[in-house]
Amino acid sequence: MTDAKTDVKPSGSPSFAPRAPETWGSRLGVIMAVAGSAVGLGNFLRFPGKAAAYGGGAFMIAYFISLVIIGVSICWAEWTLGRWGGNRGFHSSPAIIGHIIAKPWGRYLGVLGVLIPVGIYMYYVYIESWCLGYAVQFATGRLGDAGIDYGLHFREFVGATKDGFALGMDPEHVGLFVLIVYVLNFVLIYRGLSKGIEWFCKWAMPALIAIAIVIVVRVLTLGTPDPSLPEQNVINGLGYMWNPGDIGTQLRNPQLWLEAAGQIFFSLSVGFGVIITYASYLREKDDVVLSGLTATAANEFCEVGLGGLMSIPAGFVFLGAAGIAGQGTFGLGFTVLPQVFSHMAFGHLFGALFFFLLFLAAITSSLSMLQPGIAFLEEAMGIGRRMSVTILGALTALGSLFVWYYSADLKALDTMDFWVGTCFIFIQGTILIVLFSWVMGLERGFAEAHKGAAIRIPRIFGPIMRWLCPLFLMSIFVLWLAFNVFGWNGNFSAPVFSPSTYITDLVGGAGREPSDVARGAVAVILVTIAFFTIISHLAKKRWFGVDSAPRNGGNP
């Protein structure tokens, strides 16, 4: 392996020219873009839903342990690996990982870093359109009144009652909003990094936080709306989120740890392939240690400090513990909270603000999901931004259209989220931490991370990143397979395995027929993998030269 200090830039294509300083307006722009990617629906919908489902306090303990072991560790690793690759002329996960491994086949491992954000975008943009639609419906008075069956309204609006039902182009259906959101995403991404993503995140993130603070203040001043139910007050609502209850029993529940770890991945965007791409636009002396902590802190403030404080206490105050427990992400966000706003003074206004907040959070994330695919196409194929945006737009349009049309019971969306948004993220996160701690080497990895750093990574993270994080990830992934793939009943003394619906949807069994929609969703994933893999294969000479030797000096 050659020395990491060798800094020869690949030649032969404009894509491999040294990074232009004007690509981003500033290091703050990169941080804002990463924070925009992290701060999304996971903060304001998924996190409160998981916390409510698992009783609050016990989930929070598992959540913060996962944050330290998985979140912060992989965050620093991904920022460091991205900057290392960017200063050698590479801005995509396949190229960067291929050169860290110092073997051309390494680029195939990096394909996950393109597939995950692009695959998630295909269904995330659909959910994003729900948020915009609900914001408009609250603002125009279609929602926000008592007596509406919000569960039925949600199913009809998003098309969960029948395939193709979501294609309606009137304000009562999500179709019109899907088109608006999809076009808006690609207009902004086409404008480029500084004029598109950075510009939007710089105003959207402060606006998002300002709206969230307004809603939190309103929730915390609710008091006890119904004097006949004195126990349903805002203080008890806060207690519901933080009270650990029977903590010993709950923390022995493997599913709790699965959900907490999964939330960290989804919330921080670690393992998505987003951070490694954005960090590649940093200069060698730009601080990745502080940048990683800044983006993480911004996410945690929005998730715990804002998302948790607005949704769970509000639901508890008006509906009680039974009204919010077990609702799940979409149930809490699109069924429970609209009921809450219908009981609240100025409910139309606060409902519109809340769902516009969700829309802003979602679009900052979806924009960030597109950039890894664009960077990959540009440098692998040697094409410009216009062509790469066109290709990616066509690919994601086909995937999004599949999810949009096959909307019955949200089967297509759920299947893609299961495999791409959960399974592949665990695998990619494990790859990144192993690359940093074992392939690059912990000492060299820390030395690279500390270039230009105002603070140093604490020593305790040495054994955490080398041993604890990979072992924790592998353990969680094995449990995930046991529960969600093989259908383990969670009993160690008398284990029972029954294939989960995600398996029977594909192959049948357990009295169920295979689902053509689930099979189609998996086919979309496999076609996308094949597309990116073929492009990575064809890019071998561009990235590694005729002799297949890494041109940038190889593995650090």
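Residues numbered from 1 in each chain as written. Predicted model: local features only at pLDDT ≥ 70, side-chain atom pairs only at ≥ 80, totals over all residues. Heavy atoms only, no water.

Chemist: Tell me about the overall build of the protein, and name the residues and values.
Modeler: Scanning the protein from terminus to terminus reveals 23 helices and 0 strands. Its C-alpha atoms give the protein a radius of gyration of 23 Å, near enough to 24 Å, the size a compact globule of 556 residues would have. Here the C-alpha coordinates of the protein stretch approximately 75 × 50 × 50 Å along the principal axes. The buried share among the 556 residues of the protein stands at 61%. Of the roughly 20000 Å² of accessible surface on the protein, 67% is carried by carbon and sulfur atoms. Charged side chains of the protein number 34 positive and 32 negative; the gap between the two group centres comes to 12 Å. (Helix = DSSP H or I, 4+ residues; strand = E, 2+ residues; numbered from the N terminus. Rg over C-alpha atoms; globule rule 2.2 N^0.38 Å. Buried < 20%, exposed > 50% of the residue type's maximum accessible area, 1.4 Å probe, protein only. Areas by Shrake-Rupley, 256 points an atom, 1.4 Å probe, with all protein chains shown as cover. Lys, Arg positive; Asp, Glu negative; His and termini not counted. Charge placed at Lys NZ, Arg CZ, Asp CG, Glu CD.)

Chemist: Just give me the short version of the layout of surface pockets, but keep the residues and values in it.
Modeler: For the largest pocket, the calculated volume is near 860 Å³. Around the largest pocket sit 32 residues that line it, and Arg46, Lys50, Asp414, Asp417 and Tyr502 are the ones nearest its centre. Of all the secondary structure elements, the ones that give two or more residues to the lining of the largest pocket are α2 (41-53), α6 (112-139), α7 (150-158), α12 (254-268), α15 (328-343), α18 (411-439) and α20 (461-485). Here the lining of the largest pocket gets 8 residues from one element, more than from any other, and that element is α18. Considering only residue class, the lining of the largest pocket consists of 18 nonpolar, 7 polar and 7 charged. (1 Å grid on protein atoms, 1.4 Å probe; cavity = no way out; pocket = protein on both sides within 12 Å on 5 of 7 lines; lining within 4 Å. Points joined across faces, edges and corners; volume = space filled by probe spheres on them. Nonpolar A, V, L, I, M, F, W, Y, C, P; charged D, E, K, R; others polar.)

Chemist: Explain a nonpolar patch on the surface to me, using residue names and the numbers behind them.
Modeler: Residues Met169, Leu176, Leu179 and Ile180 make up a contiguous nonpolar surface patch of about 320 Å² in total accessible area. Position of Leu176 relative to the elements: it lies in helix α8 (residues 175-190). (Patch = residues over 30% accessible without salt bridge, like charges linked within 9 Å, V, L, I, M, F, W, Y side chains within 5 Å. Salt bridge = Lys/Arg side-chain N within 4 Å of Asp/Glu carboxyl O.)

Chemist: Explain α8 residue by residue, including any values.
Modeler: In a regular helix each residue adds 1.5 Å, so 16 residues correspond to 22 Å; α8 covers 23 Å between its end C-alpha atoms and thus fits that length. All buried positions along α8 are accounted for by Gly175, Phe177, Val178, Val181, Tyr182, Asn185, Phe186, Leu188 and Ile189. Considered in projection along α8, the buried side chains sweep an arc of 165 degrees and stay on one side of the axis. If you follow the buried residues of α8, they end up packed against α6, α7, α9 (193-220), α16 (347-381) and α17 (385-405). (Expected span 1.5 Å × (residues − 1). Arc of directions from axis to C-beta. Contact = heavy atoms within 4.5 Å.)

Chemist: Please set out α18 residue by residue, giving values where relevant.
Modeler: When the terminal C-alpha atoms of α18 are compared, their 39 Å separation across 29 residues agrees well with the 42 Å that a helix rising 1.5 Å per residue should span. The largest bend along α18 measures about 35 degrees and falls at Ile425. Taking burial as the measure, the 29 residues of α18 include 22 buried ones, the bulk of the element. Where α18 terminates, the next one or two residues include Gly441, which has phi positive at roughly 95 degrees. (Bend = angle between axes of the 7 residues up to and from the residue.)

Chemist: I'd like a rundown of the packing of aromatic side chains, residues and numbers included.
Modeler: All told, the structure shown has 46 aromatic pairs when counted by the stated rule. A ring pair is formed by Trp130 and Phe330, whose centres lie 5.0 Å apart and whose planes are at 70 degrees; its orientation type is edge-to-face. Highlighted residues: Trp130 in helix α6 and Phe330 in helix α15, separated in sequence by 200 residues. Judged by its relative accessible area of 0%, Trp130 is buried. Residue classification places Phe330 among the partly exposed positions, given a relative accessible area of 23%. Taking the centre distance of 6.5 Å and the plane angle of 50 degrees together, the rings of Trp199 and Phe200 count as tilted. Exposure remark for Trp199: the relative accessible area of 45% places this residue in the partly exposed category. These aromatic residues form a ring-pair network of at least three members: Tyr126, Trp130, Tyr134, Phe138, Phe154, Phe157, Phe177, Phe330, Phe334, Phe341, Phe354 and Phe355. In this structure, Arg46 is placed above the aromatic ring of Phe266, and the distance from its NZ or CZ to the ring centre is 5.1 Å. Here the basic side chain of Arg191 rests over the ring of Trp199, its NZ or CZ set 5.7 Å away from the ring centre. (Phe/Tyr/Trp six-rings, centres within 6.5 Å; stacked < 30°, edge-to-face > 60°. Lys NZ or Arg CZ within 6 Å of the ring centre and 35° of its normal.)

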